[in-house]
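Now for the letters of each chain:
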Amino acid sequence: MNASAKIPGQLAAVLCGIIGLFAFPCFARQKISAKIDKYVKTEMTRQKIPGVSLAVLRGGKIALLKSYGLANAEHRVPVKPETVFQSGSIGKQFAAAAVMMLVEEGRLALDEPLTKYFDDAPAAWKNITVRHLLNHTSGLGDYPPEIDLRRDYTEDEYFAAIKKAPLAFEPGARWDYSNAGYFTLGALVRRVTGKFYGDFLQERIFKPLDMKTARIISESDIVPNRAAGYRLVSGELKNQEWVSPSTNTTADGSLYLTVLDLAKWDAALYADKPLRQSSLAQMWAPTKLAGGGEKAYGFGWHTEKIKNRRFVHHGGAWQGFKSSIMRFPDDKLTIIFFANLQDTKDFKFARGLAAIFYPELKLPAGQPIADREPQTSALIKKVLLQFSKNAAEPNLFTPSARAEIFPVRAKQIAGQLNSLSIPVAVIIMSELVERREENELRVYRYFLTDVTRTFACTAKLTKDDKIADLELREIN
């Protein structure tokens, strides 16, 4: 990979010139910078990531800008701070912000039913509130399977398909990441304001904050410094998959952003514009579930604590791009990165960066090994996803394993998985770290690495691919 791009002249002095930047003397700041370089370059090589754009901020001010590798592999264009990436789901915090601005103005209320704003809503939605959409407890889930991402739809056509889908659970009862819910928030902004949610963001957030390159995705427009997205197919770099233009206009995360745009957004989060601090406090509060449980997610942000230190963050994954914003409000530290590879292990990548500042987040020992039996890994991931939804199929297990695991251990495994930020994302990004034989069983060990914790999943399979045992254990 290419070496890190030079820091722009006006920022060159920042590393050694701002008192208290990292609360270390200059030589220590240089050491931190070198650690970031080493970590990022190592991971880019290992994961085959073409390019990365990274920023570290203190108190809303840029402390460090880093650019690595290529924004466009075909034309050999290097990444720079002005490189434009796709946001993925970090765009959800902007949709949530738009809604909270309308709440502040009295044009929306968090706990009023959607039927107040959508007179064409189905009867099953009568108990869904705006709050349920914001914190992923509506029961709407992901887009219905009949939605074709390569077909153009109008907003009304998307909405009609979402309204037909049955709810996965009673609103407020559970937490389940919902892109369909955030699409509906975008439709809600239009119903209330008469404006496309992207235009609302431009007028009320992007322009006032001078986020010069923040905008809705458009492949037809000329967008200076636009990065290309990539994916790996059998280990070979390929261009991102194509989706329809309308698919890239929805409120669940269809934005173009640079690290410079997000730096301005981060600075605004310390002020009372465009959002009041009281609104941000609501956005960063964990969700209370109807049964008395709690999920560490607010409105468009994961919200956690690490050794009593507040930590709010979100990642994004879409069309050949990965992204992350991590904020440690008590320390006024923010870490942002974009990568232009769909296969980037972004939770792990984010964790490794955060660990440079917070050693307690250090990644566990154990390197991924080549997965020569992907069909087995696919089976294990399928079973884990089923466990996370309390829907594991007992017939996938041996009789003795069924007796041992169901129902008590199955519930315990479900609880462990649902303690992760987004179980489906973490499970999909799991990495094989061990493969061995034991008493005529094949033993596989995977690491499921979240931003704050790691689970080791050990699965034992018979010759006929029945699961003889499955254990999930936190290792840090």
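The structure this text deals with has already been given above.
These figures come from a predicted structure and were not determined experimentally.

### Brief notes about the pairing of strand β16 (residues 441-449)
Right, on to step 1. For β16, a buried count of 8 out of 9 residues is recorded, marking the element as mostly surrounded by other parts of the structure.
Right, on to step 2. Where strand β15 (residues 431-438) meets β16, 7 bridges bridge the pair, whose relative direction is antiparallel. Pairing of E431 across the sheet is with F447, part of β16.
Right, on to step 3. Once β15 ends, the chain turns through 2 residues before running back antiparallel as β16, passing N439 with a positive phi of about 50 degrees.

### Considerations on the packing of helix α4 (residues 92-104) against helix α7 (residues 179-193)
Right, on to step 1. Where α4 meets α7, the closest approach of the two axes is 10 Å, and the angle between their N-to-C directions is 35 degrees. Taken as a pair, α4 and α7 cross one another with a handedness that is left-handed. Contact residues: α4 offers K92, A95, A96, A98, V99 and L102, while α7 offers N179, Y182, L185, V189, V192 and T193.

### Details of the environment of R215
Right, on to step 1. By the element assignment, R215 lies in strand β5 (residues 215-216).
Right, on to step 2. A relative accessible area of 23% places R215 in the partly exposed class.
Right, on to step 3. Separated by 129 residues in sequence, R215 and Q86 have C-alpha atoms that sit 9.8 Å apart.
Right, on to step 4. Ignoring any residue separated from it by four or fewer positions in sequence, one finds R215 in contact with Q202, F206, D221, V223, S254, L255 and Y256.
Right, on to step 5. Here D221 takes part through its side chain, which lies 2.5 Å from a polar atom of the side chain of R215.

### Description of the sheet that holds β5
Right, on to step 1. Reading across from one edge, β4-β8-β5 is the order of the 3 strands in this open sheet, with antiparallel pairing throughout. Each end of this open sheet is capped by a strand with a single partner; those strands are β4 (85-86) and β5.
Right, on to step 2. In terms of strand pairing, β5 meets strand β8 (residues 255-257) through 2 bridges, oriented antiparallel. Across the sheet, R215 pairs through a bridge with Y256, a residue of β8.

### Regarding the nonpolar core
Right, on to step 1. Of all hydrophobic cores here, the largest spans 77 residues; its most connected members are F94, L134, I205 and W265.
Right, on to step 2. When residues in this core are grouped by element, the largest group, 9 residues, is from α4.
Right, on to step 3. Sequence-distant contacts of F94, that is, excluding residues within four places in its chain, are made with L201, I205, F206, M211, L255, L257, L262 and W265.
Right, on to step 4. Core analysis: the next-biggest nonpolar cluster, separate from the first, contains 61 residues, I49, I306, M326 and A459 among them.

Calculation notes
Residues numbered from 1 in each chain as written. Predicted model: local features only at pLDDT ≥ 70, side-chain atom pairs only at ≥ 80, totals over all residues. Heavy atoms only, no water. Buried < 20%, exposed > 50% of the residue type's maximum accessible area, 1.4 Å probe, protein only. Helix = DSSP H or I, 4+ residues; strand = E, 2+ residues; numbered from the N terminus. Pairing = 2+ DSSP bridges. Axes fitted to C-alpha atoms, helices over the stretch in contact; angles between N-to-C directions. Left-handed = near helix turned anticlockwise from the far one by under 90°. Contact = heavy atoms within 4.5 Å. Polar contact = N/O pair within 3.5 Å; in protein donor to acceptor, adjacent residues only side chain to side chain. Core = buried A, V, L, I, M, F, W, Y, C linked by side-chain atoms within 4.5 Å.

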